[in-house]
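# Geometric and topological summary
For reference, the chains in residue letters:
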Amino acid sequence: MRCRRCGEKAVLKMPRHNTAVCGNCLNDYVIEQVKRAVKDQKMFERGGRVLVAVSGGKDSLTLWDILMRLEYETAGLHIQQGIGDYSEQSYKKTVAFAESRGAELIVHSLREEEGAGVLELAKLTDRSPCSACGVMKRYNFNRIAHDRHFDVLATGHNLDDEASRLLGNILRWQEDYLAKQSPTLPATREKLVKKVKPLYRLAEREITAYAVVNKIDYVIEECPMSVGSKMLVNKEVLNRLEADAPGTKQAFYFGFLERQKGADLSHEDEKIQSCTRCGQPTTARVCAYCRILEKVKAAT
Ligand code: AMP
Ligand code: ZN
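What comes next is a walk through the structure. (Residues numbered from 1 in each chain as written. Chains lettered and ligands numbered in written order. Predicted model: local features only at pLDDT ≥ 70, side-chain atom pairs only at ≥ 80, totals over all residues. Heavy atoms only, no water.)

Along an α-helix, a turn takes 3.6 residues, which lines up residues three or four apart on a common side. If you check helix α13 (residues 288–299), its first and last C-alpha atoms are 17 Å apart, about what twelve residues at 1.5 Å a residue would give, namely 16 Å. Of all the positions in α13, only A288, Y289, C290, I292, L293 and V296 are classed as buried. (Helix = DSSP H or I, 4+ residues; strand = E, 2+ residues; numbered from the N terminus. Expected span 1.5 Å × (residues − 1). Buried < 20%, exposed > 50% of the residue type's maximum accessible area, 1.4 Å probe, protein only.)

Given below as C-alpha cells:
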C-alpha cells in the first residue's frame with residue numbers, strides 16, 4: 001500500500017477520505033485538522049494560555065504534542081484519580097511525557113486534595129465511579145484553569161467520542177446535553193473557563209496512528225471502570241456503521257454541528273448560578289462537588 005499523496009510506504013488507510021497516507025503525510029493531515037478546528041470553532045488565539053487536560057492516554061498526549069508543535073503556550077493538568085495500577089500508569093506516562101518535552105505539568109491528586117480516590121468517593125455518595133470521577137474532573141479542570149489564569153481548557157475528545165456521545169444523547173433525547181455538545185463552550189459566566197476539543201475532527205484510529213508514528217508512549221488500557229459502559233457500546237455500533245459506509249461518523253457529528261449553528265442557547269445559561277458554598281458555577285444551589293465533599297467530611 002502506497003501513500004496517495006507522495007508515493008512513500010503508507011502506514012494508514014483512511015477509507016472515509018478514500019486515501020492512504022505515509023507517516024509524514026499523516027502528520028501533515030492531523031496537524032492541519034487541528035489547525036482547522038482551532039480556527040473554525042474560534043478556540044484560542046496566539047498568545048492565549050491553554051491548559052491541556054492530560055490523562056496519559058493517546059488522545060490527550062497527542063493533543064498536547066500538537067499544540068506544542070504549533071508553538072502555543074500550554075501547560076498540562078493531570079488528575080490522579082486513585083484507581084489502582086491504572087492511575088499509577090497514567091500518572092507515570094504523563095510525567096515522563098512532560099519531562100521529555102520540558103513542559104509544565106500541574107498534578108492534582110484526589111486522595112490528597114479531596115481526601116479520597118474515585119472508588120471511595122463513589123461508595124460514599126452512592127454514585128457510579130464514572131459519575132463521581134466526572135464531577136471531580138470537570139470541577140477541578142475549571143477551578144484550576146480559572147485560578148491559574150488560563151484562557152481556555154482543552155481536552156482530547158475525538159470524533160469517535162463526540163459522535164458516540166451525540167448518539168447517546170439523541171437516543172434518550174437529552175436536549176439539555178445536546179445544547180452543550182459543541183467543540184467550543186464559551187465562558188458565559190464569571191469563574192467559568194472556556195472549554196475546547198481541538199481533536200473533534202479526527203477519528204480515534206487516526207490519532208492512534210499519529211501517536212505510534214511519533215513514538216508517543218501512552219497508557220494503552222482503557223479505564224477499568226469504563227468496561228461495559230454505554231459509551232463503549234455506542235462506539236462499537238458506530239464502528240459497524242462506519243465499516244459499512246465510511247464517513248458515517250463524520251457526517252453524523254458534523255451534520256449536527258451545522259444544524260446547531262445559530263441555535264439560541266441563551267436559556268441554557270439562565271440555569272447557571274453560583275454555588276452557595278464554593279462560588280463555582282452550577283445549576284443547583286450547592287454544586288455536585290461540594291455535595292460529594294460534604295459526605296467525605298461526614299465519613300472522616
Ligand atoms: P475520557 O472521558 O476518559 O475519554 O477523557 C476525555 C478527556 O478528558 C481526555 O482526552 C483528557 O483530555 C481528559 N482527561 C480524562 N482523564 C483525565 C485525567 N485523569 N487527568 C486529566 N485529564 C483527563
Ligand atoms: Zn460548590
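The discussion continues.
With the rule as written, the count across this model stands at seven aromatic pairs. Judged by centre distance (6.3 Å) and plane angle (75°), the ring pair of Y200 and Y253 falls under edge-to-face. With Y200 in the loop between β8 (194–196) and α9 (204–213) and Y253 in helix α11 (residues 248–260), the pair connects residues that are 53 residues apart, well separated along the chain. Each member of the pair, Y200 as well as Y253, carries the same accessibility label: buried. Through successive ring pairs, a cluster of aromatic residues spans Y200, Y253, F254 and F256. Sitting over the ring of Y72, R46 keeps its end group 4.2 Å from the ring centre. (Phe/Tyr/Trp six-rings, centres within 6.5 Å; stacked < 30°, edge-to-face > 60°. Lys NZ or Arg CZ within 6 Å of the ring centre and 35° of its normal.)

What follows deals with the site of ligand 1. In the vicinity of ligand 1, 13 residues are found, and the nearest of them are A53, V54, L77, I79 and G156. In the environment of ligand 1, a nitrogen atom lies 2.9 Å from a nitrogen or oxygen atom belonging to the backbone of I79. The side chain of K137 places a nitrogen or oxygen atom 3.4 Å from a nitrogen atom of ligand 1. Expressed as a share of its isolated accessible area of 480 Å², the protein-covered part of ligand 1 is 76%. Secondary structure elements with two or more residues in the shell around ligand 1: β4 (73–80) and α6 (129–147). With three residues, β4 is the single largest residue contributor to the shell around ligand 1. Partitioned by chemical class, the residues of the shell around ligand 1 number five nonpolar, seven polar and one charged. (Near = heavy atom within 4 Å. Polar contact = N/O pair within 3.5 Å; in protein donor to acceptor, adjacent residues only side chain to side chain. Areas by Shrake-Rupley, 256 points an atom, 1.4 Å probe, with all protein chains shown as cover. Nonpolar A, V, L, I, M, F, W, Y, C, P; charged D, E, K, R; others polar.)

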